[in-house]
Amino acid sequence: MAGPTTEGRRLKRSFGGLALLGVLLVIAGLVGLVYTGVATLTSMLLFGWLLLIGGVVGLLHAIQARGTPYFWLGVVVAALNIAAGVVVLRHPHGTAEALTMFAALLFLTGGVFRLAGSVVVRGPQFGWTLLQGAFGMLLGLLVLFDWPHSSLYVLGCFFSLALLFDGLGLIATGVGGRRIVSLVTDQMTPEADEK
């Protein structure tokens, strides 16, 4: 059985790997924020390949489950995923335009509902909810007024921000995990030496 120091070193390496992955994601997010057009195209191509691969895997799974009552549902869902993946891969710019319009409408309707809800309910978070609603409406309108040109940068910006914040989260987890492992192994080492 491995001692606490051996396990501690192994855990520290694992958490260090998480932190390193976080640094890579942060760098990718920052590069994506500088080159939003490339990030938009990259995100559409990744989305298309994910749909295509997911559809093929779903089709293989449906074929394996031929005798079940869900066979045809699995085939239809897999076929839709494959078709959507092909469309996204063949027309990434058109897909980006459609998804940007969808995102703008989501921001706009979410903002309207938050504004209306905050005015009607007037709860303890009235000011924050009102501010969120106004910000959502403003963001939706800004994207809509610049559409279809906004489709060149909006999705890439969102994709890059997601990478950036996921990376920061992984860095925090990795660094915090390493500190906790150090504290625990430091506490356990004297006990192991006494035994």
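Refer to the structure printed above.
Each chain has its residues counted from 1, following the order in which its sequence is written. Restriction of local features to residues with pLDDT of at least 70 applies here, the model being predicted, together with a cutoff of 80 or more for giving and counting side-chain atom pairs; totals for whole chains, interfaces and linings are based on all residues. Side-chain metrics in this entry use all non-hydrogen atoms of the structure; hydrogen atoms and water are not considered.

**As for the overall build of the protein chain**
The condition is simple: Helix and strand assignments come from DSSP, with helices taken as H or I runs of at least 4 residues and strands as E runs of at least 2, each series counted from the N terminus. With the radius of gyration taken over C-alpha atoms, the globule rule is written as 2.2 Å times the number of residues to the power 0.38. Relative accessibility thresholds used throughout: buried, under 20% of the residue-type maximum; exposed, over 50%; partly exposed, between the two (1.4 Å probe, protein chains only). By definition, residues are in contact when any of their heavy atoms lie within 4.5 Å. Computed with a 1.4 Å probe, the accessible areas rest on the Shrake-Rupley method; for each residue, only the protein chains presented here act as cover. Charge assignment: positive for Lys and Arg, negative for Asp and Glu; neither His nor the chain ends contribute. For this purpose, a charge sits on NZ of Lys, CZ of Arg, CG of Asp or CD of Glu.
A tally of helices and strands in the protein chain yields six helices and zero strands. Helices (α) and strands (β) of the protein chain occur, in sequence order from the N terminus, as α-α-α-α-α-α. Its C-alpha atoms give the protein chain a radius of gyration of 24 Å, more than 25% over the compact-globule value 16 Å for 195 residues. Along the three orthogonal principal directions, the C-alpha set of the protein chain runs to about 70 × 55 × 40 Å. The proportion of buried residues among the 195 residues of the protein chain is 24%. Here the analysis covers contacts within the protein chain between residues at least 6 apart in sequence; of these, 81% occur between residues at least 24 apart. Looking at the protein chain as shown, the accessible area adds up to about 12,800 Å², and 74% of this sits on carbon and sulfur atoms. Taken together, the 11 basic and 8 acidic charged side chains of the protein chain have centroids lying 6 Å from each other.

**What to know about the packing of aromatic side chains**
Definition in use: The pairing test for Phe, Tyr and Trp rings, Trp by its six-membered ring, is centres within 6.5 Å, and the orientation test on the planes gives stacked under 30 degrees, edge-to-face over 60, and tilted for anything in between.
Taken as a whole and assessed by the stated rule, the structure comprises two aromatic pairs. The interplanar angle of 70 degrees and the centroid separation of 4.9 Å between the aromatic rings of Phe-71 and Trp-72 together place this pair among those described as edge-to-face. For Phe-71, a relative accessible area of 15% corresponds to the buried category. Judged by centre distance (5.7 Å) and plane angle (70 degrees), the rings of Phe-107 and Phe-158 are edge-to-face. On the criterion of sequence distance, the pair formed by Phe-107 in helix H4 (residues 92-121) and Phe-158 in helix H6 (residues 154-194) is long-range, its members being 51 residues apart. Look at Phe-107 and you get partly exposed, because its relative accessible area is 27%. Given a relative accessible area of 30%, Phe-158 falls into the partly exposed group.

**Concerning the packing of H4 against helix H5 (residues 126-145)**
We apply this condition: Orientation is described by axes fitted as lines to C-alpha atoms, over the contacting stretch for helices, and by angles from 0 to 180 degrees between their N-to-C directions. Working rule for angles: under 35 degrees goes down as roughly parallel, over 145 as roughly antiparallel, 65 to 115 as roughly perpendicular, anything else as oblique. We call a crossing left-handed when the near helix sits turned anticlockwise from the far one by less than a right angle, and right-handed when that turn is clockwise. When residues are sorted by character, Ala, Val, Leu, Ile, Met, Phe, Trp, Tyr, Cys and Pro go into the nonpolar class, Asp, Glu, Lys and Arg into the charged class, and all the rest, Gly among them, into the polar class.
At a closest axis distance of 7 Å, the pairing of H4 and H5 adopts a crossing angle of 155 degrees. With respect to H5, the element H4 is oriented roughly antiparallel. Between H4 and H5 lies a crossing of left-handed hand. For the contact of H4 with H5, a count of residues per class yields 16 nonpolar, eight polar and one charged.

**Some remarks on the environment of Leu-139**
Relative to the helices and strands, Leu-139 resides in helix H5. A residue is classified by how much of its surface remains accessible, and Leu-139, at 24% relative accessible area, is partly exposed. As a C-alpha pair, Leu-139 and Val-88 span 51 residues in sequence and 25 Å in three-dimensional space.

**Describing the packing of helix H2 (residues 36-64) against H4**
Relative orientation of the contacting elements H2 and H4 amounts to 100 degrees, with a least axis distance of 9 Å. In terms of orientation, H2 and H4 fall into the roughly perpendicular class. In this structure, H2 contributes Thr-40, Leu-41, Met-44, Leu-45 and Phe-47 to the contact, and H4 contributes Pro-92, His-93, Thr-95, Ala-96 and Leu-99. By residue class, the composition of the contact of H2 with H4 is seven nonpolar, three polar and no charged.

Taken by themselves, the reported measurements are silent on function.
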